[in-house]
Amino acid sequence: MKNSYSNIFSFNKKTLKKTINYLNNKNVVGLPTETVYGLGGNAYSKNAIEKIFHLKGRPKSNPLIIHYYGFDDAINDVVSNEYFIKLYKKLCPGPITFILKKKINSKIHPLASAKLKTVAIRFPNHKITRSLLKEIKYPLAMPSANKSKSVSPVNAKDVFEEFKKEIPLIVNGGTAKVGIESTVIDLTATPKILRPGVINKSLIEKILKLKIKKQIRSKVMTSPGMMKKHYSPGIPVLINQKKYDGKSAFIYLGNKFKNKKNFFSLSERPSLNEAASNLYKTFRLIKKKGYKKIQISKIPNIKSGIAINDRIKRASKF
Ligand code: TXA
Ligand code: MG
């Protein structure tokens, strides 16, 4: 058993050195962040970027998020603006991704941003990955460490489950606290939320002192990764369920069915943030237990519930 996880490493100076070595040599590794685990590689290296797309089985048209230690590093590659500065000051490092215009002389490899003129950047708030970003001389392109369309990983073993020994190293940084992917906000024009997360619209509105319009579904995909089918646990998912069918796994909020077989609470209190942090964990657990279908009761569409509903809706397009 011990050997099967031999590419999972706990964090120490030796692991840090090993990780840097792999990255300098254009390899990709599994890294923890506060949202979900990422598959990280040198964002300036064509070789590393190609490996990421290949390993994930991700279409080249779907750009990656570039991760930095801080503002001063990021402005080598992107054009800053007032919205970005305000949000950065209040929320970073933290679970939010900004779409900004790419600088003409940016070193980010064009493949990483799917040859777009914009780029997604983020400042992850995890001690281990921050200490790594501080040491290296390039930012990390880092999508969630799962095969394309599947559920994002929230701990090192989840990453192992996705890639086994296809990657040389996975750094164990415990369970990701937030548990779902960062909020993605487009700041290239009037701010627009492309992917909801635990940093919600009203908090962003408060910081920017403006109203963010509800996202209008456009025919052009504004965020290429926001494909309808995504985050799929690999079995059918039914949402807004009222009646238990007697055999599926039933996901709900609260403690009404505590200790009842086949029932899985996302949060007993219930708290929507806690529910978000348990969502992918619960999907993986249910899958492992061999259930053939998932039913999910209605989740309130407020605060982090908006992000949960976004993910489960996509998971239900099986
Ligand atoms: O929490 C997170 O954001 C995690 C951790 C590892 O940082 N990363 C993550 O990456 O979720 P990924 O690749 O799974 O999702 C990136 C999202 C996709 O929906 C992608 O289409 C969008 O960001 N995106 C990237 N660049 C973009 C751009 N230039 N314009 C619009 N959307 C972009
Ligand atoms: Mg992803």
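Below, the structure is looked at part by part. (Residues numbered from 1 in each chain as written. Chains lettered and ligands numbered in written order. Predicted model: local features only at pLDDT ≥ 70, side-chain atom pairs only at ≥ 80, totals over all residues. Heavy atoms only, no water.)

We now examine the overall build of the protein chain. When helices and strands are tallied, the protein chain shows nine helices and 15 strands. The C-alpha radius of gyration computed for the protein chain amounts to 19 Å, which stays within 12% of the reference 20 Å derived for 318 residues, consistent with globular compactness. When the backbone C-alpha atoms are referred to their principal axes, the protein chain occupies close to 60 × 55 × 30 Å. Scored against the burial criterion, the 318 residues of the protein chain give a buried share of 55%. In the protein chain, once contacts between residues fewer than 6 apart in sequence are set aside, the share between residues at least 24 apart is 69%. With an accessible surface of roughly 15,900 Å², the protein chain has 53% of that area assigned to carbon and sulfur atoms. (Helix = DSSP H or I, 4+ residues; strand = E, 2+ residues; numbered from the N terminus. Rg over C-alpha atoms; globule rule 2.2 N^0.38 Å. Buried < 20%, exposed > 50% of the residue type's maximum accessible area, 1.4 Å probe, protein only. Contact = heavy atoms within 4.5 Å. Areas by Shrake-Rupley, 256 points an atom, 1.4 Å probe, with all protein chains shown as cover.)

Buried residues of helix α4 (residues 82-91): F84, L87, Y88 and L91, and no others. Angularly, the buried residues of α4 cover 105° about the axis, an arc narrow enough to put them on a single face. In α4, the exposed positions angled more than 90 degrees off the buried face are occupied by E82, K89 and K90. Lining the buried residues of α4 we find α3 (71-74), β6 (96-102), β7 (118-122), β10 (183-186) and α7 (201-208). Between the side-chain oxygen at the start of α4 and the backbone nitrogen of Y83 there is a gap of 3.1 Å, and the oxygen is on N81. (Arc of directions from axis to C-beta. Polar contact = N/O pair within 3.5 Å; in protein donor to acceptor, adjacent residues only side chain to side chain.)

Within the element layout of this structure, D310 appears in helix α9 (residues 304-315). There is a polar contact of 2.8 Å between the side chain of D310 and the side chain of R311.

Another point: the environment of E274. One can find E274 in helix α8 (residues 272-288). Each C-alpha atom, one on E274 and one on G179, is 8.7 Å from the other, the two residues being 95 residues apart in sequence. Among the polar contacts listed, one links the side chain of E274 to the side chain of R269, at a separation of 3.4 Å.

Counting residues in hydrophobic clusters, the biggest one holds 44 residues, and the most contacted among them are I66, L87, F98, I121, F123, I185 and I204. Those elements giving two or more residues to this core turn out to be α2 (46-56), α4, β6, β7, α6 (156-163) and α7. The next biggest cluster of nonpolar side chains, apart from the first, holds 28 residues, and it includes A176, L266, Y280 and I286. (Core = buried A, V, L, I, M, F, W, Y, C linked by side-chain atoms within 4.5 Å.)

What follows is about the side chain of T129. Positionally, T129 belongs in helix α5 (residues 127-135). On the basis of relative accessible area, T129 is assigned to the buried category, the value being 1%. Within the structure, T129 has its side chain in polar contact with the backbone oxygen of P32 (distance 2.5 Å). Beyond its immediate sequence surroundings of up to four residues, T129 is in contact with L31, P32, P124 and M142.

What follows is about unusual backbone geometry. Cis rather than trans, the peptide bond between C92 and P93 has omega equal to 0°. Across the junction of R269 and P270, the peptide omega takes the value -5°, indicating a cis bond. Topologically, P270 is positioned in the loop between β14 (263-265) and α8. Even without a glycine there, the phi angle at K149 is positive, about 80°. Mapped onto the fold, K149 is located in the loop between β8 (140-141) and α6.

All right, on to the sheet that holds strand β13 (residues 249-252) then. Pairing is parallel across the open sheet formed by four strands, whose spatial order is β12-β15-β13-β14. The open sheet terminates on both sides in strands that have one partner only, identified here as β12 (237-238) and β14. Against the sheet, α8 touches β13, β14 and β15 (294-296), its axis set at about 170° to β13. (Pairing = 2+ DSSP bridges. Axes fitted to C-alpha atoms, helices over the stretch in contact; angles between N-to-C directions.)

What follows concerns the pairing of strand β11 (residues 192-195). The side chains of a regular strand alternate between both faces of the sheet. By the bridge criterion, three bridges tie β10 to β11 in an arrangement that is antiparallel. Across the sheet, the residue bridging to V184 is R195, located in β11. Linking β10 to β11, which pair antiparallel, is a turn of five residues.

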